[in-house]
Amino acid sequence: MDMGSLRRLKALVIKEFFQMIRDPSSILIGIILPLILLFIYGYGVSLDADHIKIGLVLEDTSPDAQSFATSLTNSRFFDVTVGRHRKELDGMFLAGKIRGYVVIPSYFSAFRQRQDNIAPIQVIADGSEPNTANFVQNYVQSAWQNWLSQESISSDLQGLPLVRAQPRYWFNEQLESRNFLIPGSLAIIMTLIGTLLTALVVSREWERGTMEALMSTPVTIVELLVGKLIPYYILGMFSMVMSVVVAILVYDVPLRGSWFSLILVTFVFLLPALGLGLLISTASKSQIVAAQASMVAGFLPAFILSGFIFEIASMPWPIRTITYIIPARYFVSSLQTIFLVGDNWRLILFNLIPMIIVGLIFFTITAKISVKRLD
Amino acid sequence: MFHRVLALIIKEILAALRDKKARFVLIVPPIVQLLIFSFAATLDVKNVPIGILNRDNGEKSIELAQRFHGSPVFSEIVYLPSVDAMTPFIDNQKGVMVLSIDQQFSRNIDAGKPADIQLVLDGRRSNTAQIVAGYAARIIEQYNLDIAPLVGAKVQSTELVPRNWFNPNLIYYWYNVPCLVGVLTMLVGLVVTAMSVAREREMGTFDQLLVSPIRPIEIMIGKAIPAMIIGMAEGSIIVLVGIFLFRVPFEGNIFVLYMSLFVFVSSIVGVGLFISSLSATQQQAILGTFVFMSPAVALSGFATPIENMPQWLQYVTYANPLRYMLVILKGVFLKGMTLDIVLNNIWPMMIIAIFTLSSATWLFRKRLE
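Residues numbered from 1 in each chain as written. Chains lettered and ligands numbered in written order. Predicted model: local features only at pLDDT ≥ 70, side-chain atom pairs only at ≥ 80, totals over all residues.

1. Regarding the overall build of chain A
Looking only at helices and strands, one finds 14 helices and five strands in chain A. Each of the three principal axes of chain A carries a C-alpha extent, and together these read 95 × 40 × 40 Å. Taken over 375 residues, chain A has a buried fraction of 49%. (Helix = DSSP H or I, 4+ residues; strand = E, 2+ residues; numbered from the N terminus. Buried ≥ 20, exposed ≤ 12 C-beta atoms within 10 Å, placed from the backbone.)

What follows is the structure, given as structure tokens:
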């Protein structure tokens, strides 16, 4: 790279930088939007079902049934509404005001006393929300198991279950979903800055015709691309540092790994994110199409196909295959590990390589398309 | 007046459908989203790889391990050679759970004594981990019921009978597709209206409209009605795709659904027009749409339930029309919800619609002065 090239690059970067600072939408996307998103994912999106509203139908009022009822109402996972008949709770169930109900049948205590019968407890969950239904079933199950253990101490009616499962949750003992949702959401924020902002800004230059003006100057295509990248790289890193500080200080997410690995991973992730933004804007040259395309190709995959909330293993195989070319997938996995586990270099390294490859592909295609335009 | 509004409506619909880019915006993203969302946005847990660390070589532990092979939830079961293999297995996300059986397991069971099993779970994915733990607990419970009489231990005297109503097999897209009717209708309704005024402003055709005999209120109506028609049409397509392609059961009344959809779309069009009056350029309109959309979807109960939010934030969700629409959609599709419960969810949307439409009109007029 000769001196002239460096000088041109510097001029481009300065021009781009001023443009960024003067444009309110850059500030909105780079600073305000990350804060809004962190707020939503920190408070609004939570998979911690600890106040599930359920009903309890006590058709049997014997001490046995009462004792089980107490163990349910004492559970920290449930807000229990108690009724005598199913009819009382059916309306609430249909309206979605309770997520399920537990029925202790009238013959509960009678069956319990007999050797040849096992007393049933019916657990009815609202399947119209499958995840919550799963949690209703699981939490009732664990409340029931606790009750069994307590009962076996106080009465000889009850045999202790032979095999008991003792779950241990590593890295996130309190099971706060915020601890992995916030690191994951940083990937979405970085995608927005890298892809949406870059796509909008560059396509605006095409729309207004200033891109052609730039191309008629001695600036080469590589210089032009690099000149666009540097300011947004800086903005991206700035937002990342800001978001991490907010995540740690405001949301108490533990950072068990090092800042160095966080910065490294972000630096590498911005490569494909910015690359995609450049590619979209170069291909579409219109702000509306660029915005829609970055939503469909950038934001949605980062949200849905990255494993941030939705489990990749549960997706059908064609979609599972697509996730391998989504850079956010590797970024989410690295971020969650760096925050909750620590610097696991083996995992980080295996995540860095695909991000670099995808990034290089985007840049190569962008450079190819742009060169053609000059002919 | 009627004449002028009608002319404006026809012009708007033609403008929305004629422009190639605008057509792309209306048609492609919702379809892509419907397909990706309904298949991929799933909190379902299946095909998850797990590990088993069996330090006991007795018959009882092998039988227990076999039962995990039989479950459709666990696709791949890796046998770990030693305790040391457990940490890298979980750390490197090779599997979400390790079932750890200790040396005494078979001996304890044969003696009729209780035995513990450790489930080590990856807390980085706490939702999946908890559901996996639930499945494991159910397998172990069934094992208990089968094994206890054989070794002469006392059987527990009660059992749980789990049932899921409205969706017995907990198929996730039965939940997803009805919700997407609301989410995608909102997206399209919002984009169409938010862009409409901003685009005319940017192109300068808005001034031409203003010098014509059309009054501002007529312009508003002329912008609102086409957007509502497009939004309702988009919603209908997704409803049809849901019923005929995805075969999601439709238990309720189609008339009730359309009544709710109409009120819902009105409230969304109000928000869209508000954003539109506020923004000077299309880019601002896009950003405004996004800034409204992401909290509205996140705080609707679509991705995660509203009960999980802190109480003060739950109050905020009362202002979100999507919240009510999702209850109606799930209710009408899966539960066969009756009109009285639906009405309870329609009137809040009606209030929101009146509020958004009138404040959009107010802002629109104010910006003209």
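2. Regarding the overall build of chain B
Secondary structure summary: chain B contains 14 helices and five strands in total. Along the longest, intermediate and shortest principal axes, the C-alpha atoms of chain B span 95 × 45 × 40 Å. Within chain B, buried positions represent 49% of all 369 residues. A sequence separation of at least 24 residues applies to 80% of the contacts in chain B between residues at least 6 apart. (Contact = placed C-beta atoms within 7 Å.)

3. Thoughts on the domain arrangement of chain A
The domains assigned to chain A are domain 1 (3–45 + 176–374) and domain 2 (52–154). The straight-line distance from the C-alpha centre of domain 1 of chain A to that of domain 2 of chain A is 48 Å. (Domains from an automatic or database assignment.)

4. Section: the nonpolar core
For soluble globular proteins, nonpolar side chains are generally found buried alongside one another. In terms of nonpolar packing, the biggest core is built from 147 residues, with Ala187(A), Met190(A), Phe269(A), Phe331(A) and Leu180(B) touching the most fellow members. When residues of this core are assigned to their parent elements, the largest contribution, 20 residues, is made by helix H7 (residues 172–203) of chain B. If we ignore the near neighbours within four places in the chain, the residues touching Ala187(A) are Ala302(A), Ser306(A), Phe308(A), Ala328(A), Phe331(A), Val332(A) and Leu335(A). Core analysis: the second largest hydrophobic core is formed by 35 residues, Val163(A), Ile52(B), Val98(B) and Ile140(B) among them. (Core = buried A, V, L, I, M, F, W, Y, C linked by C-beta atoms within 7 Å.)

5. Things to note about the confidence of the model for chain A
Taken over all residues, the pLDDT of chain A has a mean of 86, while the share at 70 or more is 96%. The weakest mean pLDDT in chain A belongs to helix H8 (residues 210–215) of chain A at 80; the strongest belongs to helix H13 (residues 327–340) of chain A at 93. (pLDDT = per-residue confidence, 0-100.)

6. Overview of the sheet that holds strand E5 (residues 158–165) of chain B
Taken in spatial order, the five strands line up as E2(A)-E1(A)-E3(A)-E4(A)-E5(B) in an open sheet, and their pairing is mixed. The open sheet has two edge strands, strand E2 (78–83) of chain A together with E5 of chain B, and neither has a second partner. Strand after strand, the sheet turns through a mean of 20 degrees between neighbouring axes, direction not considered. Bridge count for strand E1 (residues 52–58) of chain A against strand E3 (residues 100–104) of chain A is four bridges, and the pairing is parallel. (Pairing = 2+ DSSP bridges. Axes fitted to C-alpha atoms, helices over the stretch in contact; angles between N-to-C directions.)

7. Notes on the interface of chain B and chain A
The interface of chain B with chain A comprises 94 residues on the first partner and 89 residues on the second. Where the side of chain B that touches chain A is concerned, the elements lending two or more residues are helix H2 (20–40), helix H4 (86–91), strand E4 (115–122), helix H6 (126–147), E5, H7, helix H11 (282–298) and helix H13 (321–335) of chain B. Broken down by element, the side of chain B that touches chain A gets its largest block of residues, 14 residues, from H6(B). Tallied by class, residues from the side of chain B that touches chain A come to 55 nonpolar, 25 polar and 14 charged. Judged from the eight bridges that link them, strand E4 (residues 119–126) of chain A and E5(B) form a sheet pairing that is parallel. The residue of E5(B) that forms the bridge with Gln122(A) is Val161(B). (Nonpolar A, V, L, I, M, F, W, Y, C, P; charged D, E, K, R; others polar.)

8. Considerations on the confidence of the model for chain B
All names here are of chain B. Here chain B averages 87 in pLDDT, while 98% of its residues score no lower than 70. Across chain B, H13 holds the top mean pLDDT of 94, while H2 sits lowest at 78. Reported for the predicted complex are a pTM of 0.85 and an ipTM of 0.83.

9. Digging into the sheet that holds strand E2 (residues 74–79) of chain B
Strand order in this open sheet of five strands is E5(A)-E4(B)-E3(B)-E1(B)-E2(B), and the pairing throughout is mixed. Of all strands in the sheet, those bounded by a partner on one side alone are strand E5 (163–170) of chain A together with E2 of chain B. Averaged over all pairs of adjacent strands, the angle between their axes in this sheet comes to 25 degrees, without regard to strand direction. Of the strand pairs in this sheet, strand E3 (residues 97–101) of chain B and E4(B) are connected by five bridges, and their pairing is antiparallel. Directly across from Ile101(B), in E4(B), lies its bridge partner Ile117(B). Against the sheet, helix H3 (residues 59–70) of chain B makes contact with strand E1 (48–54), E2 and E3 of chain B, and its axis sits at roughly 175 degrees relative to E1(B), the strand it touches most. On the sheet, H6(B) packs against E5 of chain A together with E1, E3 and E4 of chain B and is oriented at approximately 170 degrees with respect to E5(A).

10. Focus on the packing of helix H10 (residues 259–284) of chain A against helix H11 (residues 287–304) of chain A
The angle between the axes and the distance between the axes are what describe a pair of packed helices. Residues and elements named next belong to chain A. Where H10 contacts H11, the two axes come as close as 9 Å, and the packing angle between them is 140 degrees. Between H10 and H11, the angle falls in the class oblique. The way H10 lies across H11 gives a crossing that is right-handed. For the pair H10 and H11, the contacting residues are Leu276, Gly277, Ile280, Ser281 and Ser284 in the first and Val289, Ala290, Ala293, Ser294, Ala297 and Gly298 in the second. Taken together, the residues that form the contact of H10 with H11 break down as six nonpolar, five polar and no charged. (Parallel < 35°, antiparallel > 145°, perpendicular 65-115°, else oblique. Left-handed = near helix turned anticlockwise from the far one by under 90°.)

11. Description of H13(A)
Residues and elements named next belong to chain A. Helix length check: H13, at 14 residues, gives a terminal C-alpha distance of 20 Å against a target of 20 Å (1.5 Å per residue), a fit within 8%. For H13, a buried count of 14 out of 14 residues is recorded, marking the element as mostly surrounded by other parts of the structure. Two residues or fewer after H13 comes Gly342, characterised by a positive phi angle close to 135 degrees. (Expected span 1.5 Å × (residues − 1).)

12. Description of the environment of Met242(A)
The residue Met242(A) is located in helix H9 (residues 221–249) in this model. Along the chain, Met242(A) and Pro34(A) lie 208 residues apart, while their C-alpha atoms are 8.9 Å from each other.

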